[in-house]
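# Structure assessment
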Amino acid sequence: MKWDIHQFETLESTNATALLCPVGTVVMAESQTAGRGRYGRTWQSPKGNLYMSLVVPDFGKDNYALPFLTAVAVADSLPGFEISLKWPNDVLLSGKKLAGILIEKADDKLVVGIGVNVMTSPTDGVLYPTANLEGRLRPMTLAKRILLQYNTLLDLLQKKGFKEIRKRWLSYATNLHKPISIHLADAEFQGIFKGIDAKGALLLKQKSGTRTLNVGDVFFNLNKDK
Ligand code: BTN
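Note that the coordinates shown come from a computational prediction; the quantities given were computed from them, not determined experimentally. The numbers attached to residues start from 1 for each chain and follow its sequence in the written order. Selection of residues for local features in this predicted model requires a pLDDT of at least 70, selection of side-chain atom pairs for listing and counting requires 80 or more, and totals for whole chains, interfaces and linings are taken over all residues. In computing side-chain values, all of the structure's heavy atoms are included and hydrogens and water are not.

Attention shifts here to the sheet that holds strand 12 (residues 217-219). Two modes of strand pairing occur in sheets, parallel and antiparallel, and in both the strands are linked by backbone hydrogen bonds. The 5 strands are arranged 11-10-9-8-12 in an open sheet whose pairing can be described as antiparallel. Looking at which strands have only one partner, the edges of the open sheet turn out to be strand 11 (209-213) and strand 12. Pairs of neighbouring strands in the sheet enclose a mean axial angle of 45°, with direction left out of account. Where strand 9 (residues 188-196) and strand 10 (residues 202-206) come together, 3 bridges link them in antiparallel fashion. By the bridge assignment, I192 is partnered in strand 10 with K205. Any two strands are treated as partners once DSSP identifies two or more bridges connecting them. To qualify as a helix, a DSSP run of H or I must reach at least 4 residues; to qualify as a strand, a run of E must reach at least 2; elements of each kind are numbered from the N terminus. Axis definition: a line fit to C-alpha positions, over the contact stretch in the case of helices; interaxial angles, taken between N-to-C directions, run 0 to 180 degrees.

Structure, rendered in structure tokens:
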């Protein structure tokens, strides 16, 4: 993919702007006034961090691969940092949330929003402990790395299918074969994290058998507050 980068000082949300742009566009902003998180949450977006949205084609039945591909692209772009991944697409630094990914769909395209805490990370009102890169990279340097890696992984997906992306995602996965709890809007499940299936669903081993989950927030410490 040939990326066409557009930079803004401030936007409401790079995802919102990207939804109006053609495939291949990358929208970046130094800050966002209404950054969007998953499940309608807010993504705090002060200056200093990376906020970018990539407009990619709708891959139809293969769309499920994108959250994983995106998380791996971010992880691969941060060599030398203690990076791990939490299902489905949180990027952790030393076990704390460093980056979030929000994929939104328009009629004929997808917008992949990536937020990385480069300089600062929120402490108030966060669901999960957060981390930042302490400014050790410039947002634009990181953005360029991610775009390069995105192309490599899109190529891999096309040639080898989700199998290879899944393998790479699992190589970064945190708490594999360990107890986790997963919170859904109206339920909570606990069990052993057994990885992801061929469509990216989370496999949770419970006494009654293995449960396959498609949505939810994963937590590792069973005693942690919701
Ligand atoms: C999450 O809840 O973990 C996902 C957060 C995604 C934040 C990024 S920042 C760039 C892009 N624009 C947005 O409004 N959200 C995404």
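More follows now that the structure is in view.
Here, proximity means that at least one heavy atom of the residue falls within 4 Å of the molecule or strand. Every one of the 20 residues lining the ligand counts as a neighbour, but S13, T14, R36, R38 and K97 are closest to it. Two N or O atoms form a polar contact when they lie within 3.5 Å of each other; inside protein one atom must be a possible hydrogen donor and the other a possible acceptor, and for residues adjacent in sequence the pair counts only when both atoms belong to side chains. S13 places a side-chain nitrogen or oxygen 2.7 Å from an oxygen atom of the ligand. K97 places a side-chain nitrogen or oxygen 2.6 Å from an oxygen atom of the ligand. In isolation the ligand offers 410 Å² of accessible surface; the protein chains occlude 98% of this area. Contributing elements (two or more residues each) for the shell around the ligand: helix 1 (14-18), strand 3 (50-57), strand 6 (96-105) and strand 7 (109-116). Among the elements that make up the shell around the ligand, the one with the highest residue count is strand 6 (4 residues). Per-residue accessibility takes into account occlusion by the displayed protein chains alone, with areas from the Shrake-Rupley method and a 1.4 Å probe.

Before going further, it helps to examine the side chain of S31. Checked against the element boundaries, S31 lands in strand 2 (residues 25-32). Think of it in three bands: residues with accessible area under 20% of the maximum for their type are buried, residues over 50% are exposed, and the middle band is partly exposed, with areas taken using a 1.4 Å probe on protein chains only. Using a relative accessible area of 17% as the deciding quantity, one classes S31 as buried. Within the structure, the side chain of S31 is placed 3.3 Å from the side chain of T10, a separation counted as a polar contact. Here, residues are in contact when the closest pair of their heavy atoms is within 4.5 Å. Discounting residues that sit within four places of it in the chain, S31 has contacts with E9, T10, L11, S45, P46, K47 and Y51.

Paired rings are identified among Phe, Tyr and Trp, the last through its six-membered ring, by centres lying within 6.5 Å, and are further divided according to the angle between planes into stacked (under 30 degrees), edge-to-face (over 60) and tilted (the rest). The tally for this structure, following the rule as stated, stands at 5 aromatic pairs. Judged by centre distance (5.0 Å) and plane angle (75°), the ring pair of Y64 and F162 falls under edge-to-face. Residue Y64 is located in the loop between strand 3 and helix 2 (66-76), and its partner F162 is located in helix 4 (residues 162-172); the two are separated by 98 residues in the primary sequence. For Y64, a relative accessible area of 22% gives the class partly exposed. With a relative accessible area of 7%, F162 lands in the buried category. Note on Y128 and F219: the rings are 6.0 Å apart at their centroids and 45° apart in plane angle, and the pair reads as tilted.

Oppositely charged side chains are able to pair whenever their charged atoms sit close together. We count a salt bridge whenever a side-chain nitrogen from Lys or Arg sits within 4 Å of a carboxyl oxygen from Asp or Glu. A full pass over the atoms with the stated rule returns 10 salt bridges. Among the salt bridges present, the one from D217 reaches R38, with a minimum N-O distance of 3.9 Å. With a gap of 179 residues between them, D217 in strand 12 and R38 in the loop between strand 2 and strand 3 connect regions that are remote in the sequence. By the burial criterion, D217 is buried, and R38 matches it. Among the ionic pairs, D155 bridges to K159, the shortest N-O distance being 2.9 Å.

Another point: the domain arrangement of the protein. Domain limits in this description derive from either an automatic procedure or a database domain assignment. According to the domain assignment, the protein contains domain 1 (4-172) and domain 2 (179-219). With centres defined by C-alpha atoms, the gap from domain 1 to domain 2 works out at 23 Å. Opposite the 13 residues of domain 1 that make contact, domain 2 presents 17 residues. When two components associate, each loses some accessible surface as probed by a 1.4 Å sphere; the sum of these losses over both components is called the buried area. For the pair domain 1 and domain 2, the summed buried area comes to about 1200 Å², and 61% of that belongs to carbon and sulfur atoms. In this structure, the salt-bridge partner of D217 is R41, at a minimum N-O distance of 2.5 Å.

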